[in-house]
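Observations on the model geometry
Next come the chains, spelled out residue by residue.
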Amino acid sequence: MSFLIVVVLCYNFSSNVIVTLTVGEFTPDNNKNGFDGETKTGGELTQAFYESIGYEFVNIWKWENNKPYLRNEGYMGTLQIP
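Reading the values: the criteria
- Residues numbered from 1 in each chain as written.
- Predicted model: local features only at pLDDT ≥ 70, side-chain atom pairs only at ≥ 80, totals over all residues.
- Heavy atoms only, no water.
- Helix = DSSP H or I, 4+ residues; strand = E, 2+ residues; numbered from the N terminus.
- Areas by Shrake-Rupley, 256 points an atom, 1.4 Å probe, with all protein chains shown as cover.
- Polar contact = N/O pair within 3.5 Å; in protein donor to acceptor, adjacent residues only side chain to side chain.
- Pairing = 2+ DSSP bridges.
- pLDDT = per-residue confidence, 0-100.
- Buried < 20%, exposed > 50% of the residue type's maximum accessible area, 1.4 Å probe, protein only.

1. Describing the overall build of the protein
Tallying secondary structure elements over the protein gives one helix and four strands in all. Along the protein, helices (α) and strands (β) appear in the sequence β-β-α-β-β when read from the amino end. If you sum the accessible surface of the protein, you get close to 7,300 Å²; carbon and sulfur atoms cover 57% of it.

2. Section: the side chain of Lys40
With respect to the helices and strands, Lys40 occurs in strand β2 (residues 38-40). At 3.3 Å, the side chain of Lys40 forms a polar contact with the side chain of Glu38.

3. Side note on the pairing of strand β3 (residues 61-64)
Here β3 pairs with strand β4 (residues 67-70) via four bridges, running antiparallel. Bridge assignment links Lys62 to a residue of β4, and that residue is Tyr69. Linking two consecutive strands that pair antiparallel, namely β3 and β4, is a turn of two residues; a positive phi of about 55 degrees is found at Asn65 within it.

4. Describing the confidence of the model for the protein
Considering every residue of the protein, the mean pLDDT works out to 76; 66% of them sit at 70 or more. Of all helices and strands in the protein, the one with the weakest mean pLDDT is strand β1 (residues 13-15) (64), whereas helix α1 (residues 47-52) scores best (93).

5. Here we look at unusual backbone geometry
Its identity is not glycine, yet Asn65 carries a phi of approximately 55 degrees, on the positive side. By the element assignment, Asn65 lies in the loop between β3 and β4. Unusually for a residue other than glycine, Asn66 sits at a positive phi of about 60 degrees. Following the sequence through the fold, Asn66 ends up in the loop between β3 and β4. Judged by its relative accessible area of 63%, Asn66 falls in the exposed class.

Pasting the structure below:
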(Lines give C-alpha, C1' and ligand atoms only; values in the text may rest on other atoms or scores of the structure.)
Protein backbone atom coordinates (compact mmCIF):
# COMPACT_ATOMS: atom_id res chain seq x y z
CA MET A 1 0.00 0.00 0.00
CA SER A 2 1.36 3.44 -0.84
CA PHE A 3 0.19 6.93 0.01
CA LEU A 4 0.63 10.24 -1.72
CA ILE A 5 0.54 13.30 0.50
CA VAL A 6 0.21 16.69 -1.16
CA VAL A 7 0.67 19.88 0.83
CA VAL A 8 -0.39 23.18 -0.70
CA LEU A 9 1.12 26.20 1.02
CA CYS A 10 -0.45 29.62 0.72
CA TYR A 11 -0.46 32.62 3.03
CA ASN A 12 2.54 31.13 4.79
CA PHE A 13 4.21 33.93 6.76
CA SER A 14 6.98 34.08 9.32
CA SER A 15 8.18 36.77 11.68
CA ASN A 16 11.69 38.17 11.53
CA VAL A 17 11.70 38.40 15.33
CA ILE A 18 11.84 34.60 15.69
CA VAL A 19 15.35 33.26 16.18
CA THR A 20 16.13 29.92 14.59
CA LEU A 21 19.26 27.82 14.54
CA THR A 22 20.21 26.15 11.30
CA VAL A 23 23.08 23.85 10.57
CA GLY A 24 24.74 24.21 7.20
CA GLU A 25 23.88 26.58 4.40
CA PHE A 26 20.27 27.73 4.17
CA THR A 27 18.69 30.47 2.07
CA PRO A 28 14.94 30.99 2.63
CA ASP A 29 12.90 31.87 -0.44
CA ASN A 30 10.75 34.60 1.27
CA ASN A 31 7.66 33.54 -0.68
CA LYS A 32 4.25 33.59 1.04
CA ASN A 33 3.17 30.60 -1.05
CA GLY A 34 6.44 28.72 -0.63
CA PHE A 35 7.84 26.31 1.92
CA ASP A 36 9.71 28.95 3.94
CA GLY A 37 6.95 31.57 3.99
CA GLU A 38 7.24 35.32 3.62
CA THR A 39 9.05 37.24 6.35
CA LYS A 40 7.07 39.93 8.15
CA THR A 41 8.47 42.43 10.65
CA GLY A 42 6.88 42.81 14.06
CA GLY A 43 5.41 46.14 12.94
CA GLU A 44 3.68 44.47 9.99
CA LEU A 45 1.93 41.90 12.18
CA THR A 46 -1.07 44.11 12.95
CA GLN A 47 -4.73 43.27 13.38
CA ALA A 48 -5.34 44.61 9.86
CA PHE A 49 -2.73 42.18 8.49
CA TYR A 50 -4.37 39.20 10.19
CA GLU A 51 -7.80 40.33 8.97
CA SER A 52 -6.41 40.49 5.41
CA ILE A 53 -5.52 36.77 5.58
CA GLY A 54 -8.90 35.75 6.99
CA TYR A 55 -8.74 36.06 10.77
CA GLU A 56 -12.19 36.96 12.09
CA PHE A 57 -11.99 39.22 15.16
CA VAL A 58 -15.69 39.38 16.07
CA ASN A 59 -16.49 35.81 17.15
CA ILE A 60 -13.34 33.69 16.85
CA TRP A 61 -10.25 35.81 17.56
CA LYS A 62 -9.56 38.75 19.84
CA TRP A 63 -6.74 41.27 19.57
CA GLU A 64 -4.86 41.67 22.84
CA ASN A 65 -1.34 42.89 23.63
CA ASN A 66 -0.64 43.33 19.90
CA LYS A 67 -1.30 39.63 19.20
CA PRO A 68 -4.25 37.52 18.03
CA TYR A 69 -5.72 35.18 20.64
CA LEU A 70 -8.46 32.61 20.26
CA ARG A 71 -11.55 33.59 22.23
CA ASN A 72 -12.41 31.33 25.15
CA GLU A 73 -15.23 29.19 23.81
CA GLY A 74 -16.78 26.00 25.03
CA TYR A 75 -16.05 24.55 28.45
CA MET A 76 -16.01 27.29 31.09
CA GLY A 77 -15.44 25.15 34.20
CA THR A 78 -12.24 24.15 35.93
CA LEU A 79 -10.12 21.15 35.13
CA GLN A 80 -9.14 18.92 38.04
CA ILE A 81 -5.67 17.48 37.56
CA PRO A 82 -4.94 14.53 39.87
